[in-house]
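# A closer look at the structure
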Amino acid sequence: MKKNLYTLLALTMAVMMIMTGCSKKEETTTAAPTTAATQATTAATEATTAATEAPTEATTAATEATTAATEAPTEATKATEATKATEKVETTASTAATEAPTEAPKPSTKADLVSIMNKLYDGLTPGENCPFVGQIEIDGENSAFYVGIENLQCKQALASEAMMGAIAHSLVLIEAEDGADISALKSEIREKIDPRKWVCVGVERDEVVIENVGNIVFVCIEENMADHFRTQFFNVVK
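### Notes on the overall build of the chain
Helix and strand content of the chain: 5 helices and 5 strands. Ordering the α and β elements of the chain from the N terminus gives α-α-β-α-β-β-α-β-β-α. Taking all 238 residues of the chain together, the buried fraction comes to 25%. Put simply, of all contacts in the chain between residues at least 6 apart along the chain, 55% involve residues at least 24 apart. Summed over its atoms, the accessible surface of the chain is roughly 16,000 Å², and 59% of this surface lies on carbon and sulfur atoms.

### A closer look at the packing of aromatic side chains
Given two aromatic rings, their pairing is described by the distance between the two centres and the angle made by the two planes. Enumeration over the complete set of coordinates arrives at 4 aromatic pairs. Both rings, one in Tyr 121 and one in Phe 229, keep their centres 5.5 Å apart while their planes meet at 65°; by these two values the pair is edge-to-face. With Tyr 121 in the loop between helix 2 (113–120) and strand 1 (133–137) and Phe 229 in helix 5 (residues 226–236), this pair connects stretches of sequence that are 108 residues apart. Feature note: the residues Phe 218, Phe 233 and Phe 234 constitute an aromatic cluster, connected by ring pairs. It is Lys 197 that lies over the ring of Phe 145; its NZ or CZ is 4.2 Å from the centre.

### Concerning the packing of helix 2 against helix 5
Packed helices, taken two at a time, are described by their axes: the angle between them and the distance between them. Between helix 2 and helix 5, the shortest axis-to-axis distance is 9 Å and the interhelical angle comes to 135°. Comparing their axes, helix 5 and helix 2 come out oblique. Along this stretch, helix 2 crosses helix 5, giving a crossing that reads as right-handed. On the side of helix 2, the interface is formed by Ile 116, Lys 119 and Leu 120, while helix 5 contributes His 228, Phe 229, Gln 232, Phe 233 and Val 236. Within the contact of helix 2 with helix 5, the residues separate by chemical class into 5 nonpolar, 2 polar and 1 charged.

### Topic: unusual backbone geometry
The backbone phi angle of Asn 151 is positive, close to 50°, even though this residue is not glycine. Along the polypeptide, Asn 151 turns up in the loop between helix 3 (143–147) and strand 2 (156–162). One non-glycine residue, Val 199, lies in positive phi territory at about 70°. Its place among the elements puts Val 199 in the loop between helix 4 (182–192) and strand 4 (209–213).

Calculation notes
- Residues numbered from 1 in each chain as written.
- Predicted model: local features only at pLDDT ≥ 70, side-chain atom pairs only at ≥ 80, totals over all residues.
- Heavy atoms only, no water.
- Helix = DSSP H or I, 4+ residues; strand = E, 2+ residues; numbered from the N terminus.
- Buried < 20%, exposed > 50% of the residue type's maximum accessible area, 1.4 Å probe, protein only.
- Contact = heavy atoms within 4.5 Å.
- Areas by Shrake-Rupley, 256 points an atom, 1.4 Å probe, with all protein chains shown as cover.
- Phe/Tyr/Trp six-rings, centres within 6.5 Å; stacked < 30°, edge-to-face > 60°.
- Lys NZ or Arg CZ within 6 Å of the ring centre and 35° of its normal.
- Axes fitted to C-alpha atoms, helices over the stretch in contact; angles between N-to-C directions.
- Parallel < 35°, antiparallel > 145°, perpendicular 65-115°, else oblique.
- Left-handed = near helix turned anticlockwise from the far one by under 90°.
- Nonpolar A, V, L, I, M, F, W, Y, C, P; charged D, E, K, R; others polar.

Written out as structure tokens, the structure is:
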């Protein structure tokens, strides 16, 4: 009987050992799938994260590309505007340069009556074959004394007369206005001039020399050298 109890006890312990071993095996088996599942989940999470980050990076890259593409036309636009501004400045400068001559005051077209008058006396010696003379500018206030016309209308006029009143010597140069009726002017001078204004000396009215070259009119009252001064006038004013 005692032997049987030992045997039963041994069997019981063997069974318990077997069951304990199976339990550990099951735990090991159970743990292995759990670890594998955990690793799989982790891999899946990383894959998801990578997949999520990949579009994000792609989106970021696309956004940066779009921004660059947007900025590029902006820079190009700035360059175009700068070019247009430069062209505008050049155009303005060119226009100003072109208009400048138009706006500049026109040079005087008046004849040099003083030079002409001086040349009329070339070859003559004052005090010998011609009197000492003085030049007087003719204006509206004194024109009647020199050519007989009150308030003479012309560009300019100049007289050269003897400095001694007892000598009949008077040369007058008149530059008429552009488009003036020169024939009418000469006729009026012939009619109104006083060839004996010195009272004691003078010439006859028909002896007064009145000539013109273009709009330059020459009037000469001279007792002895009227023909000489007529010739000089045509030689000087051509």
